[in-house]
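One-letter residues, chain by chain:
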Amino acid sequence: MYRPVVRIGNWFEDICLETDKIVQFKLSRDRGELLVEKTRHLFDNFHKEINLEAPKENIRFGAVVQLMPVDLHVCQYSSSDIHPALSVIINERVVRHSQKINDECELTIAPSVKPCVRNSFRIASGDEKDRENELLKYGQQFRLECVETEDDPLMLFSAPKSSGLSTMIHTTFDSRKFGEVNLPLGLCYKRNCGPGKEIPMAFTNWYCQHIDPHKRFETDGTPLPSNKPLVITHLATNRNLAAENVVIQTLFGPEFLVSVQNYKNVYKRETWKNIWMISNGHQFK
């Protein structure tokens, strides 16, 4: 009886194909090109532990911090249990050719067990001046840089929609307000920003406002406190960083969407979606 072990005709061809598959698999494994190997490298790179700035009363330029929603009103989840923080994620398409943070990565709000590469950012000057160790103030422009990209800064940015209501930031997931897609967050290299470049430098600038609208005038220019509720506003669009009550599935597990959108109540005060704190130490409530 003819079987695949019989080395004639189509049976011999099948044996050659199976042998070639095994050889290619071993070569890919040895070169670290298997998706499982790439995913393992990804987790190692993104979850590399780092040290935040020593807890201080105020936030300083050059400090490594976390941006954390003060509260998440999502069913079955509690902020006190998961300690959510703004985090970088990567989708399966990108992980096939890169296992490090790059400008194709996206942002979410994820549980923060400890500070690591994906959920920590460096406070940088928003006016190209050296302000290392200066106190950051309410109303003062600043940028947020990924901590592992000092030589080639990778910055957090957003952008207004074009006349066709499209955006230059492409994301896997989106959120909506009254049926309209919210502005997304993205990452861009500093070398791609500035006059004559694809992304204006203003798109990378942010500033903070007091949580109480009636106190914003008197607090403007005063030092920014750490681990206190505040509003983080995108300079170019005048919209606030927002935590969305939408759970999505990522390579890192279930996480929450983040956008740039204003959410206010009938008293013209920002709701819980726009309330954040900048943490330079794990002083959770």
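Scroll up a little and you will see the structure.
Residues numbered from 1 in each chain as written. Predicted model: local features only at pLDDT ≥ 70, side-chain atom pairs only at ≥ 80, totals over all residues. Heavy atoms only, no water.

1. Remarks on the overall build of the chain
Each helix and strand in the chain was counted, giving five helices and 14 strands. Contacts in the chain between residues far apart in sequence, at least 24 positions, make up 69% of those at least 6 positions apart. When the accessible surface of the chain is summed, it comes to about 15,100 Å², and 51% of that surface belongs to carbon and sulfur atoms. (Helix = DSSP H or I, 4+ residues; strand = E, 2+ residues; numbered from the N terminus. Contact = heavy atoms within 4.5 Å. Areas by Shrake-Rupley, 256 points an atom, 1.4 Å probe, with all protein chains shown as cover.)

2. A short note on the packing of aromatic side chains
Tallied over the entire structure, the rule returns two aromatic pairs. Judged by centre distance (5.1 Å) and plane angle (45°), the ring pair of Phe-43 and Phe-252 falls under tilted. With Phe-43 in helix H2 (residues 35-46) and Phe-252 in the loop between strand E12 (239-250) and strand E13 (253-260), the pair connects residues that are 209 residues apart, well separated along the chain. Taking relative accessible area as the criterion, Phe-43 reaches 29% and is therefore assigned partly exposed. With a relative accessible area of 16%, Phe-252 lands in the buried category. Site record: aromatic cluster; members linked through ring pairs are Phe-43, Phe-46 and Phe-252. The ring of Phe-252 carries the charged tip of Arg-118 above its face, separated from the ring centre by 4.0 Å. Above the ring of Tyr-263, the side-chain terminus of Lys-273 is found at 4.3 Å from the ring centroid. (Phe/Tyr/Trp six-rings, centres within 6.5 Å; stacked < 30°, edge-to-face > 60°. Buried < 20%, exposed > 50% of the residue type's maximum accessible area, 1.4 Å probe, protein only. Lys NZ or Arg CZ within 6 Å of the ring centre and 35° of its normal.)

3. Quick word on the nonpolar core
One finds Leu-86, Leu-107, Phe-142, Leu-185, Leu-187, Ile-232 and Trp-276 to be the most contacted residues of the largest nonpolar core, which totals 51 residues. Excluding residues within four positions of it along the chain, Leu-107 makes contact with Leu-86, Ser-87, Val-88, Ile-89, Phe-121, Leu-156, Leu-185, Gly-186, Leu-187 and Val-258. Judged by nonpolar contacts, the second largest core, of nine residues, contains Met-155, Phe-157, Ile-199 and Phe-203. (Core = buried A, V, L, I, M, F, W, Y, C linked by side-chain atoms within 4.5 Å.)

4. Concerning the environment of Pro-213
You can see Pro-213 is positioned in the loop between strand E10 (206-210) and helix H5 (216-219). Overall, the relative accessible area of 28% leaves Pro-213 in the partly exposed class. Along the chain, Pro-213 and Arg-269 lie 56 residues apart, while their C-alpha atoms are 6.8 Å from each other. Every residue in contact with Pro-213, bar those within four places of it in the chain, is listed here: Lys-268, Arg-269 and Glu-270.

5. Brief notes about unusual backbone geometry
Among all residues save glycine, negative phi is the norm, and among peptide bonds the norm is trans. Positioned with a positive phi, Asn-133 is a non-glycine residue whose angle comes to about 75°. Secondary-structure assignment places Asn-133 in the loop between strand E4 (121-125) and strand E5 (142-146). Notably, Asn-227 is not glycine yet its phi reads approximately 55°, a positive angle. On the secondary structure map, Asn-227 appears in the loop between H5 and strand E11 (230-234).

6. A short note on the environment of Lys-161
With respect to the element layout, Lys-161 can be found in the loop between strand E6 (154-157) and strand E7 (176-177). Between the C-alpha atom of Lys-161 and that of Leu-183, which follows or precedes it by 22 residues, the distance is 7.6 Å. Beyond its immediate stretch of four places on either side in the chain, Lys-161 contacts Ser-166, Glu-180, Val-181 and Leu-183. Within polar-contact distance, the side chain of Lys-161 engages the side chain of Glu-180 at 3.1 Å. Within the structure, the side chain of Lys-161 is placed 2.5 Å from the backbone oxygen of Val-181, a separation counted as a polar contact. (Polar contact = N/O pair within 3.5 Å; in protein donor to acceptor, adjacent residues only side chain to side chain.)

7. A short note on the pairing of E13
Of all eight residues that make up E13, seven are buried, and the element is covered over most of its length. Across seven bridges, the pairing between E12 and E13 is antiparallel. Residue pairing in the sheet places Leu-241 in a bridge with Val-260 of E13. The turn joining E12 and E13, which pair antiparallel and follow one another in sequence, is formed by two residues. (Pairing = 2+ DSSP bridges.)

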